[in-house]
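Residues per chain, in single letters:
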Amino acid sequence: MKRAYLFDIDGTLLKVRRKVNRKLIQRILERFDINHRSLENLDFAGKTDRDIFSGLLDKPENDLFHQVKQLYLQELERHLSAEDVQVFDGVHDSLDYLQDKMAWTGLLTGNFARAAEIKLAAIGLLERFRFGAFGDEHHDRNDLPPSAFDELIRKSGESFHPSDLVIIGDTPRDIECARSFGSISVAVATGTYSHDELSAWNPDVVLSSLAEFPEWIEGFTTCRRKQT
Ligand SMILES: [Mg+2]
């Protein structure tokens, strides 16, 4: 059965050391003389970068937003190294598995597109993803699946249905956005939400990590094949 797989980045594929990202953002806000309370207790999980930076600046749609965004991307590129990034268990094996199946594999992430590139390039995974939707254009994560879907159709030249998409992420927002588009939702408990917390949002499955993904998708596909 034809399927396409869309991965969230932070908390799902990898973790950027918290101190690195927060300190970088704090420094940028200070450089622009933007007073903001400590970032330590703010919850970024599942939010788009556009939403995060808009919230920090209060007035999102102005030149300042674009200046801060550009500086954030420059600083991220300059300072992020592979040592700052932890790749979660099973990520390489899951991507190898999908590559062997010649599946369409993409990104569905709240990161700015360039931030996604920088993070994935730091650990050599950028080339694994052929399409995606990012946090540049949208405040609301639920607006990302239609964008990714349109790009999938355009790039593959094939027809897909929203239920052919498997959306993989680590927060209730990932689960919600999969459901809003009628797609399959895979939750992984490698981010800030526990297995039980994610289960409460009723995704199609909760995995402890992507180490469980190839076996689960194999069983899921076989099960669906028998039903049809
Ligand atoms: Mg995430």
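Quick notes on the rules
Residues numbered from 1 in each chain as written. Predicted model: local features only at pLDDT ≥ 70, side-chain atom pairs only at ≥ 80, totals over all residues. Heavy atoms only, no water. Core = buried A, V, L, I, M, F, W, Y, C linked by side-chain atoms within 4.5 Å. Buried < 20%, exposed > 50% of the residue type's maximum accessible area, 1.4 Å probe, protein only. Helix = DSSP H or I, 4+ residues; strand = E, 2+ residues; numbered from the N terminus. Domains from an automatic or database assignment. Contact = heavy atoms within 4.5 Å. Pairing = 2+ DSSP bridges. Right-handed = clockwise from strand over helix to strand, strands pointing away. Axes fitted to C-alpha atoms, helices over the stretch in contact; angles between N-to-C directions. Parallel < 35°, antiparallel > 145°, perpendicular 65-115°, else oblique. Left-handed = near helix turned anticlockwise from the far one by under 90°. Lys, Arg positive; Asp, Glu negative; His and termini not counted. Salt bridge = Lys/Arg side-chain N within 4 Å of Asp/Glu carboxyl O. Polar contact = N/O pair within 3.5 Å; in protein donor to acceptor, adjacent residues only side chain to side chain.

A. Representation of the nonpolar core. Formed by 52 residues in total, the largest nonpolar core has its most connected members in Y5, F7, L13, Y72, I168 and F213. Of the residues forming this core, the biggest block, 6 residues, is contributed by helix α3 (residues 63–79). A domain-level breakdown of this core finds at least three residues from each of domain 1 (4–15 + 85–227) and domain 2 (17–82). The residues contacting F213, other than those within four sequence positions of it, are Y5, S94, L98, I168, V186 and L207. Formed by 16 residues, the second largest nonpolar core is a distinct cluster that contains A4, W104, L144 and I167.

B. Quick peek at the environment of V166. Tracing the backbone shows V166 in strand β6 (residues 165–169). Here V166 falls in the buried class, since its relative accessible area comes to 0%. Here the alpha-carbon distance between V166 and S185, two residues 19 residues apart in the chain, equals 6.0 Å. Look past the residues within four positions of V166 in its chain and what remains in contact with it is R3, A4, Y5, L6, I184 and V186.

C. Up close: the pairing of strand β7 (residues 184–188). Judged by how many residues are buried, β7 sits mostly within the fold: 5 of 5 residues are covered. Taking every second residue as pointing to the same face, both faces of β7 are buried, with I184, V186 and V188 on one and S185 and A187 on the other. For β6 and β7, the ladder comprises 4 bridges, and the chain directions are parallel. Opposite I167, over in β7, you have S185 as the bridge partner. In this fold, β6 hands off to helix α7 (residues 172–180), which returns the chain to β7; that crossover is right-handed. Relative to strand β8 (residues 205–207), β7 is paired through 3 bridges, and the arrangement is parallel.

D. Representation of the sheet that holds β8 in the model. Pairing in this open sheet of 6 strands is parallel, and the strands run β5-β4-β1-β6-β7-β8 from one edge to the other. Strand pairing shows two members of the sheet lacking a second neighbour, β5 (131–133) and β8, which therefore form its edges. If you compare each strand with its neighbour and ignore which way they point, the axes differ by 25 degrees on average. Pairing geometry for strand β1 (residues 4–7) and β6, over 4 bridges, is parallel. Residue pairing for β6: L6 is matched across the bridge by I167. Strands in contact with helix α6 (residues 144–156) are β1, β4 (104–108), β5 and β6; relative to β5, the strand with the most contacts, it is inclined by about 160 degrees.

E. The arrangement of helix α2 (residues 49–57) in detail. Where burial is concerned, most of α2 is hidden: 7 out of the 9 residues are buried. Every buried residue of α2 is accounted for by D49, R50, I52, F53, S54, L56 and L57. On its buried side, α2 packs onto α1 (18–31), α3 and α5 (113–122). Of the residues trailing α2, D58 is marked for its positive phi of about 70 degrees.

F. Fine view of the packing of α2 against α3. Contact geometry for α2 and α3: axes closest at 11 Å, N-to-C directions at 120 degrees. With respect to each other, α2 and α3 are oriented oblique. Seen along the crossing, α2 lies across α3 with a hand that is right-handed. When α2 is examined against α3, the residues D49, R50, F53, S54 and L57 are found in contact with a partner set consisting of L64, F65, V68 and Y72.

G. Geometry of the side chain of D164. By the secondary structure assignment, D164 is in the loop between α6 and β6. Nearest to the buried, unbridged D164 among oppositely charged side chains is R3, at 5.3 Å. Polar contacts involving the side chain of D164 include one to the main-chain amide nitrogen of H161, which spans 2.7 Å. Dropping the residues within four chain positions of it, D164 is found in contact with K2, R3 and A4.

These figures come from the coordinates and say nothing about function on their own.
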